[in-house]
Structure formats: structure tokens, C-alpha cells
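Listed below are the residues making up each chain.
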Amino acid sequence: MNWTNRPVIAATGLYTPPESISNAELVESFNEYVARYNEAHADAIGMGDIDPLQPSSVEFIEKASGIKARHVIDKASILDPEIMCPRIAERDNDQLSIMAEIGVKAAQQALEAAGRAPVDVDAVLCAASNMQRPYPAMAIEIQQALGIDGFGFDMNVACSSATFGIQTAADYVRAGNARSVLVVSPEITSGHLNWRDRDSHFIFGDVATAVLVEDAAIAPENHWEILGTKLKTVFSNNIRNNFGFLNRAAPETASDPDKLFVQEGCKVFKEVVPMVSALILQETERLQIDPHSLRRLWLHQANAGMNRLIAHRVLGHEADGDESPTVLDTYANTSSAGSIIAFHKHNSDLVGGDTGLICSFGAGYSVGTVFVRKTD
Ligand code: COA
């Protein structure tokens, strides 16, 4: 076989948890929690010692974010006002862990779509915002469950984990160190979301995606050439999660709300939109692609308004749902998986020669662009 050392996206896979929570269900449970809290603290509120909690609203959520529902691993416990957190039973060490389980399901779909036998895959990258444990790596467990010989490791760049994973996989192919690499993104974001925080309780959903990056020589005929990838990071505290292995060394603050996802959403919106738009336009110039000719943008799925602005700046006009598809309405923000879900669900109608962009952005800050072209 003559290797080309040209990386392509050979196939993708998606696992969607069957349970879904609508905004109406979420707000009903949140407002019940608020009513119970305010009743339990009525005296202190009456004395002015603490502020009452404010209710959430479906109208606000849809208008501010574009989110209408989210898939989750465990709906009942999240909606229980006494729990407001997923309950996922710990498994024995000889059982497949939940994060690996959903990652394997997405990966199997990608392998099947590419007609690739696991034994012919060289590497697995588990690229996601949260790992279930520090070690052994989730990627190695996924590798073992799929029956892949080779190597695997975990990587975390928050919402940009999948695009950073695609560039890493593409670089292995370019360098000849691997011919077939799975980038798996199991995102159980319901575990890091503070479901009691009015500002963010509606944001996230659970899912798993997989992207198979391969040398063009072995990829199925119908694939996506990777024309170029560009990554950027700029430090910011505006999206932060202080959960970590040293929390137990400061037990007095180990359960504080900053050990879950927190953000200054408005600042993120204002700072990230220009950063992402500029990076995309710089990349189109470097790759000599006319941005107005891009057939489709598969953007990170965090906020419909952000995507509208970015798409407008890149395409030069207001994008419609065909040019910049959304999955945010039914999946919510699924962190690194969002742009991959959009690509997975909305690429089959494109024709040979069509050029598009997969783009992620989020905590770090981190931005990743992957320009792709469908083969003729
Ligand atoms: N229900 C009703 N009202 C709410 C509410 C809720 N759940 N949450 C907040 N509000 C209120 C606020 O109290 C505020 O009221 P005020 O104007 O009286 O002070 C008002 O709504 C606006 O709040 P704000 O936080 O400024 O909303 P926003 O328009 O910035 O939207 C986000 C919030 C989070 C949806 C939006 O900022 C966002 O998506 N940002 C980008 C985040 C992102 O990309 N993050 C990446 C994460 S991976």
C-alpha cells in the first residue's frame, strides 16, 4: 500500500442517550427547588440576612441561548428537586465504565460506516472536557473494549477537545506514525453542571461522538479531505471548573460551587465571537479559500446568537439553517461534541468539491478550526 500521508475524515459516529429533558420540565423542577429553598429560609429572607432565590423561565432560556431540550444519561435524578444531579452507580473495575461505554457506541458506528475492522486502527484519542478518573486512561479502556492494537491517551481542551484531537490525529497521519486514528468524545456534561444555578442550569447535555481520521489511501471512497487545521488558546477565567485531585487537600472548600462549571456567559459571548471569527478568516486566507464560498459551517453549539454572528462575519451574509445548521435546540451544549454532532447529522447532502468548516470554541479560551472538502 502506498501511503499518501494526507489525513481525511473517513467517518463519524454518534451516541445519543435516549432520555431527554425539555425546558418546561427543567424549569418546573428548578422552580420547585427555589420554592422549597425560599420556604425553608423564610425567616432569614424576611430578616434580610439572605436573598431569596429567583425562579428560572423557559422564555429566557430559549431567547438567551436557543436551547429547547437536552439529552441526559439520568433524567429522574436531575429533575428531582431534592437531588438535582445525575445518579450513575459506580461499577466494578472489571466492568466497562459509563464514559467508555458511550464512547464505544459512537466509535463502533464510525468504524462500521468506514468499513474498518478495529484491528486495523492504530490509535484512540479520548478527547473530552471531563475524564471519569485520572487513570488508566479512558482511551485505553475504549481501545481494549473495541479490540484495537496500538495506543491510546486522553486529552482535555474543554469544548475544543474534539477539534484539537482531530489535528493531533491528522498530524500522526501526516508524519506516518499512524494510518487510522479514532477521536472519541464522550461528554457526560450533566456531571459537571450545577443544576441549582439559575444562570447556567439549562446549558448542558450528554452525548458521545467519534471521528475516524485516516490516511486517504485506506479511507472509504466517500470521505472528507482535511484541508487544514488551526488551533488557538488564550488564558481566561471566564469559564472555569476548579474540580481536581487537590480538592481534598483543602477540605473546607472541597464542595463549593466552583468545583462545578461556572462562567461569565456575557463576557464569554463578547470576547469569543471576535476571536473565533478572526481565526477562521486568517485560516481561509492561509488556505486560499474564499470564506464566502464555504458551503456549510458546523459550529460549536453553545449559543445560537454567537453562531449567528460568527457565521455572518465569515460568510458575509446572514446564514440560514442550511449554511450553519444547529443541533443546540435538541442537544443543548454538549461541549466538544457539539460541532461534531452538527457535522455528523448534516453532511450527507453535500456533493463532491463542497468545502466546509468544523469549528469549536470554549473554555481556555480554546478555538479549533478544521476545514474539510468532500471528495469527488
Ligand atoms: N431564567 C430567567 N432569567 C434569568 C435566568 C434564568 N434561568 N438566568 C439569568 N437570568 C436573568 C439574569 O438575572 C439577568 O437579569 P437582569 O438583566 O435583571 O440582571 C438577565 O437574565 C440576563 O442575564 P445574562 O446572564 O446577562 O444573560 P445572557 O443574555 O448573557 O445569556 C447565556 C446567558 C449563558 C445564555 C449567554 O451569555 C451565553 O450563552 N454565553 C456564551 C457562553 C458560552 O459560549 N460558553 C461556552 C461554554 S462551554
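For the structure given in this document, a descriptive report is provided here. Small disclaimer: the values here were computed from a predicted structure and weren't measured.

Of the regular secondary structure elements, the chain holds 11 helices and 13 strands. Taking 376 residues into account, the globule formula puts the C-alpha radius of gyration at 21 Å, and the chain, at 21 Å, falls close to it. Along the three orthogonal principal directions, the C-alpha set of the chain runs to about 75 × 55 × 35 Å. Sorting the 376 residues of the chain into buried and exposed places 53% on the buried side.

With respect to the helices, strands and loops of the structure, Asn303 is situated in the loop between β11 (296–299) and α9 (304–315). Here the side chain of Asn303 touches Gly305 through a polar contact of 2.7 Å, landing on its backbone nitrogen. Side-chain polar atoms of Asn303 contact the backbone nitrogen of Met306, separated by 3.1 Å. Here Asn303 is in contact with Ala64, Ser65, Phe269 and Leu328, once residues within four sequence places are set aside.

Further remarks concern the pairing of strand β1 (residues 7–15). Most of β1 sits out of view: nine of its nine residues are buried. With eight bridges joining them, β1 and strand β7 (residues 206–215) adopt antiparallel strand pairing. By the bridge assignment, Ala11 is partnered in β7 with Leu212. In the sheet, β1 pairs with strand β8 (residues 224–233) via two bridges, with the strands oriented antiparallel. Bridge pairing links Ile9 to Trp224 in β8.

Right, let's talk about unusual backbone geometry for a bit. Omega for the bond connecting Tyr135 with Pro136 falls within 30 degrees of zero, at -5 degrees, which places this linkage in the cis form. For Pro136, the location among the structural elements is in the loop between β4 (123–127) and α6 (138–146). The omega torsion across Gly364 and Tyr365 is -10 degrees, close enough to zero to call that bond cis. Look at Ala158: it is not a glycine, yet its phi comes out positive at around 50 degrees. Considering the arrangement of structural elements, one finds Ala158 in the loop between β5 (151–155) and α7 (161–175). What makes Ala158 buried here is its relative accessible area of 16%. Its identity as a non-glycine residue notwithstanding, Ala332 has a phi of 60 degrees, on the positive side. Along the chain, Ala332 turns up in the loop between α10 (328–331) and α11 (338–345).

Turning our eyes to something else, we now look at the state of the cysteines. The term disulfide refers to a covalent linkage connecting the sulfur atoms of a pair of cysteines. In this structure the tally under the stated criterion is zero disulfides. Here Cys266 is not disulfide-linked; the sulfur of Cys159 is the nearest cysteine sulfur, at 17 Å.

Attention now goes to the packing of helix α8 (residues 265–287) against α9. The description of two packed helices rests on the angle between their axes and on the distance between the axes. Closest axis-to-axis distance for the α8/α9 pair is 9 Å, and the angle between their directions is 30 degrees. Judged by the angle between their axes, α8 and α9 are roughly parallel. Regarding α8 and α9, the two cross each other, and that crossing is right-handed. Note on element contacts: α9 touches α8 through Gly305, Met306, Leu309, Ile310, Arg313 and Val314, opposite Val268, Phe269, Val272, Val273, Pro274, Val276, Ser277, Ile280 and Leu281. By residue class, the composition of the contact of α8 with α9 is 12 nonpolar, two polar and one charged.

So, about the pairing of β7. A large share of β7 lies buried, amounting to 10 of its 10 residues. As paired elements, strand β6 (residues 180–188) and β7 share nine bridges and run antiparallel to each other. Within β7, the position partnered with Ser185 by the bridge is Thr209.

What counts and what doesn't
- Residues numbered from 1 in each chain as written.
- Predicted model: local features only at pLDDT ≥ 70, side-chain atom pairs only at ≥ 80, totals over all residues.
- Heavy atoms only, no water.
- Helix = DSSP H or I, 4+ residues; strand = E, 2+ residues; numbered from the N terminus.
- Rg over C-alpha atoms; globule rule 2.2 N^0.38 Å.
- Buried < 20%, exposed > 50% of the residue type's maximum accessible area, 1.4 Å probe, protein only.
- Polar contact = N/O pair within 3.5 Å; in protein donor to acceptor, adjacent residues only side chain to side chain.
- Contact = heavy atoms within 4.5 Å.
- Pairing = 2+ DSSP bridges.
- Disulfide = S-S within 2.5 Å.
- Axes fitted to C-alpha atoms, helices over the stretch in contact; angles between N-to-C directions.
- Parallel < 35°, antiparallel > 145°, perpendicular 65-115°, else oblique.
- Left-handed = near helix turned anticlockwise from the far one by under 90°.
- Nonpolar A, V, L, I, M, F, W, Y, C, P; charged D, E, K, R; others polar.

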